[in-house]
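Chain residues, written in single-letter form:
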Amino acid sequence: MAKCAVCDKSVHFGNSVSHSHRKSSKMWRSNVKSVKVKVNGGAKKMYVCTSCLKSGKVERA
C-alpha cells in the first residue's frame, strides 16, 4: 500500500458493523496519488495524499 511521503498517512483498519451487529474486517484507504514534486530544485516522483496537495505542503513540478 502507498503511504504519503509528507504526513505518513496510509490505510486504517477497523470493523464494518452490520444492522444485526455482526462484524467483518474493513480497510479504509487514504487518497494517495503519485505526483511529480519539486525537491531541492529538481523534480522527483513521490506518493502524496490529496490533503497535503490541497493544503500546499508540497509544490508540483
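What counts as what
- Going along each chain's sequence as written, the residues are numbered from 1 onward.
- Totals for whole chains, interfaces and linings use every residue, but because this is a predicted model, local features are given only for residues with pLDDT of at least 70 and side-chain atom pairs only at 80 or more, for both listing and counting.
- Water and hydrogen atoms were dropped before computing side-chain values, which therefore reflect all heavy atoms in the structure.
- In this description a helix means any DSSP run of H or I spanning at least four residues, a strand means any run of E spanning at least two, and both kinds are numbered starting from the N terminus.
- The atom set for the radius of gyration is the C-alpha atoms, and the globule formula is 2.2 Å times the number of residues raised to the power 0.38.
- The rule is simple: take the accessible area with a 1.4 Å probe, protein chains only, and divide by the maximum for that residue type; under 20% is buried, over 50% is exposed, in between is partly exposed.
- The contact rule is simple, with two residues in contact once any of their heavy atoms fall within 4.5 Å.
- Nonpolar cores were defined as sets of buried Ala, Val, Leu, Ile, Met, Phe, Trp, Tyr and Cys residues, with membership established by side-chain atoms within 4.5 Å.
- Like-charged residues are merged into a patch within 9 Å and nonpolar side chains (Val, Leu, Ile, Met, Phe, Trp, Tyr) within 5 Å, provided each residue has over 30% relative accessible area and no salt bridge.
- The Shrake-Rupley method, run with a 1.4 Å probe, gives the accessible areas here. Residue values count only the displayed protein chains as cover.
- In the sections that follow, a salt bridge refers to a side-chain nitrogen of Lys or Arg positioned within 4 Å of a carboxyl oxygen of Asp or Glu.

1. Some details on the overall build of the protein
Logical step 1: Per the secondary structure count, the protein includes one helix and four strands.
Logical step 2: Taken against the 2.2 N^0.38 rule, which gives 10 Å for 61 residues, the C-alpha radius of gyration of the protein at 16 Å runs more than 25% over that of a compact globule.
Logical step 3: By its C-alpha atoms, the protein is 55 × 20 × 15 Å across when sized along the principal axes.
Logical step 4: Out of the 61 residues in the protein, the part that is buried amounts to 18%.
Logical step 5: Once local pairs closer than 6 in sequence are excluded, the contacts in the protein between residues at least 24 apart make up 27%.

2. Let's talk about the environment of Val37
Logical step 1: Turning to its location among the elements, Val37 is positioned in strand β3 (residues 32-39).
Logical step 2: Distance in space between the C-alpha atoms of Val37 and Val48 is 9.0 Å, their sequence separation being 11 residues.
Logical step 3: Setting aside anything within four residues of it in sequence, one finds Val37 in contact with Gly42, Ala43, Lys44, Met46, Val48, Val58, Glu59, Arg60 and Ala61.

3. Thoughts on the environment of Asn15
Logical step 1: Secondary-structure assignment places Asn15 in strand β1 (residues 12-17).
Logical step 2: The class of Asn15 is partly exposed, set by a relative accessible area of 48%.
Logical step 3: For the pair Asn15 and Met27, spaced 12 residues apart in sequence, the C-alpha to C-alpha distance is 8.2 Å.

4. Points about the nonpolar core
Logical step 1: With nine residues, the main nonpolar core is built from Cys4, Val32, Val35, Val37, Met46, Val48, Cys49, Cys52 and Val58.
Logical step 2: Contacts of Cys52, omitting those with residues within four sequence positions, involve Cys4, Val6, Cys7, Lys57 and Val58.

5. Quick notes on a nonpolar patch on the surface
Logical step 1: Taken together, the side chains of Met1, Phe13 and Met27 make up a nonpolar region of the molecular surface, amounting to roughly 380 Å² of accessible area.
Logical step 2: Following the sequence through the fold, Met1 ends up in the segment before β1.
Logical step 3: A residue is classified by how much of its surface remains accessible, and Met1, at 70% relative accessible area, is exposed.

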